[in-house]
Amino acid sequence: LPLDFGSQQWNNPTKWADNPKSVPPVWIQPFAGSDAIQHMKFHTSKPVERTSGEAIYNFSYDYHSSTPPTFISFSTSDINFLKHPPVLIVEVHRPDERKLRLLQTVVRGARSGETLPITRYDEAPLRILLSENQSTLDLASDFLREEFNIEYTAEQLRGNLEELIFGTPTIHNPNKYIPLNGQYRFEIRALLRDQKDGIGQVNLVVGGNHYGIIGTDATGRDLALGLLFGFPVAMIIGLATAFFSTTIGTFLGILSGYMSGKTDTLIQRFADVWSNIPLLPILIFLIFILGQKLWLVVLILILFGWPGLTITVRSMVLQIRTGQLVEATRSLGASGNRIMFRHILFQISPFVFAQMIFFVPTAILAEAGLSFLGLGDPSIPTWGQILESSFRTGAVFLGYWWWVLPPGLLIVVTAMTFVLLTLGLEPVINPRLRSTKK
């Protein structure tokens, strides 16, 4: 995934326009039975038939379900023409040999001063959600009247277009449709006036009710990609916070314990005061002033993460500095810096290393909690951000478990991994804790 995945793709609704909204993963389709609908994306740049005045594209779709697809959308890009703009027609041929026209639209013509040939939709494609398109609803109303002698307005069909396309209305209750299973053929025709006119890409999407290995959110974003991108982000947050917090806390703790006197008093009182400053109000204030930035969250976690370790390391150094090793080293003329960072540091390094690993899940959980409160960076998808968006849109109350459980489980599993790693490494790096073999 690119580094700008969050700003350019994750928060770009057009990137996920062809995905179904709030649907579970595909691996639960066997449990859905006849209600399972396969999500299909058809795209091509080569027509099956091309004449001087027409280009035809065909897509086949096998429908075998008791529920209709969630949506149907049509998109095209890179349309080129010389004088007269093409006419685009989308039709569906049903298994009962009825034909329903879904769209008939004309590409925007040439503007004054444009040079030939004219190019349309080269930067952003023309995308039409047929399920909500007014022209499509009008055509569907005409289809009902001509084929089934049922008078229904376009507004009455809004929200039921897929049921009409993939079903047959009942005579006594036009609101109820009987599913029509079989093979559907979508035909897209481009009426061209010149042999040099052409269309670059044609896409048709039939929305299913299952998608991906994790599912999608309310915007149609693939949650698997968001969780995957959030993994290195979580590691960067945890490792960076743990490393710098441990470094600051260890340095000040050794300096405080070895130097004693005014230096010790100054560092310890500052650590006591700093550790009692409420983190959340400070973070809210800084985010309000500087904006919601991930680096700001990491910086605050580092600045407020070292006092506890400083106090603990200082108590260990007070005991070590009176030992025989330090006394012997001092009698040989070693400087204070050499004693602190060549002898004392290496004696407490097992504890410091274990604490650094233990800080990682603390930082990950802290960032997830802040993101859950809406204080994270919205431009970067993190596990906390995904959890926050799920609760904000009511996924818990609507039963969208695939939107809530995966990020929560990833946070818990990652945190427990580092906790167990700390517990496992502690007897390895500290010989005193190694159990003797009997």
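Source: prediction; values computed, not measured.

Novice: Just checking my understanding: could you explain the packing of aromatic side chains for this structure?
Specialist: The geometry of an aromatic ring pair comes down to the distance between the two centres and the angle between the two planes. For the structure shown, the criterion picks out 19 aromatic pairs. With a centroid separation of 5.2 Å and an interplanar angle of 35 degrees, the aromatic rings of Phe5 and Phe229 are classed as tilted. With Phe5 in helix 1 (residues 5–10) and Phe229 in helix 6 (residues 223–259), this residue pair connects regions lying 224 residues apart in the sequence. The exposure class assigned to Phe229 is buried, which follows from its relative accessible area of 13%. Between Trp274 and Phe304, the aromatic rings sit 5.0 Å apart at their centres with planes inclined by 20 degrees, giving stacked as the arrangement. Pair noted here: Trp274 is in helix 7 (residues 261–275) and Phe304 is in the loop between helix 9 (294–303) and helix 10 (307–320), with a separation of 30 residues, a long-range link. In textbook terms, an aromatic cluster arises when at least three aromatic residues are bridged by ring pairs, as seen for Phe5, Trp10, Trp16 and Phe229. For Lys21, the ring lying beneath its charged end belongs to Phe71, and the centroid distance is 5.6 Å.

Novice: Sorry if this is basic, but what is going on with the packing of helix 6 against helix 10 here?
Specialist: Relative placement of two packed helices is described by the angle separating their axes and the distance separating the axes. Between helix 6 and helix 10, the shortest axis-to-axis distance is 7 Å and the interhelical angle comes to 40 degrees. By the angle class used here, helix 6 and helix 10 are oblique. Here the hand of the crossing between helix 6 and helix 10 comes out right-handed. Here Ser245, Thr246, Ile248, Gly249, Thr250, Leu252, Gly253, Ile254, Ser256, Gly257 and Tyr258 of helix 6 come into contact with helix 10, specifically with Leu309, Thr310, Val313, Arg314, Val317 and Leu318. Per-class residue counts for the contact of helix 6 with helix 10 are eight nonpolar, eight polar and one charged.

Novice: Please explain the pattern of salt bridges as it appears in this structure.
Specialist: Where side chains of opposite charge bring their charged atoms close, a pairing between them can arise. Per the counting criterion, the structure on display carries 18 salt bridges. Among the salt bridges present, the one from Glu54 reaches Arg189, with a minimum N-O distance of 3.1 Å. Taken together, the residues Glu54 in strand 3 (residues 54–63) and Arg189 in strand 11 (residues 182–191) connect sequence positions 135 residues apart. Arg269 serves as the salt-bridge partner of Asp272, at 2.8 Å between the closest nitrogen and oxygen. Pair noted here: Asp272 and Arg269 are both in helix 7, with a separation of three residues, about one helical turn. Residue Arg269 is classed as partly exposed on the basis of its relative accessible area, which comes to 44%.

What counts, and at which threshold
Residues numbered from 1 in each chain as written. Predicted model: local features only at pLDDT ≥ 70, side-chain atom pairs only at ≥ 80, totals over all residues. Heavy atoms only, no water. Phe/Tyr/Trp six-rings, centres within 6.5 Å; stacked < 30°, edge-to-face > 60°. Helix = DSSP H or I, 4+ residues; strand = E, 2+ residues; numbered from the N terminus. Buried < 20%, exposed > 50% of the residue type's maximum accessible area, 1.4 Å probe, protein only. Lys NZ or Arg CZ within 6 Å of the ring centre and 35° of its normal. Axes fitted to C-alpha atoms, helices over the stretch in contact; angles between N-to-C directions. Parallel < 35°, antiparallel > 145°, perpendicular 65-115°, else oblique. Left-handed = near helix turned anticlockwise from the far one by under 90°. Contact = heavy atoms within 4.5 Å. Nonpolar A, V, L, I, M, F, W, Y, C, P; charged D, E, K, R; others polar. Salt bridge = Lys/Arg side-chain N within 4 Å of Asp/Glu carboxyl O.

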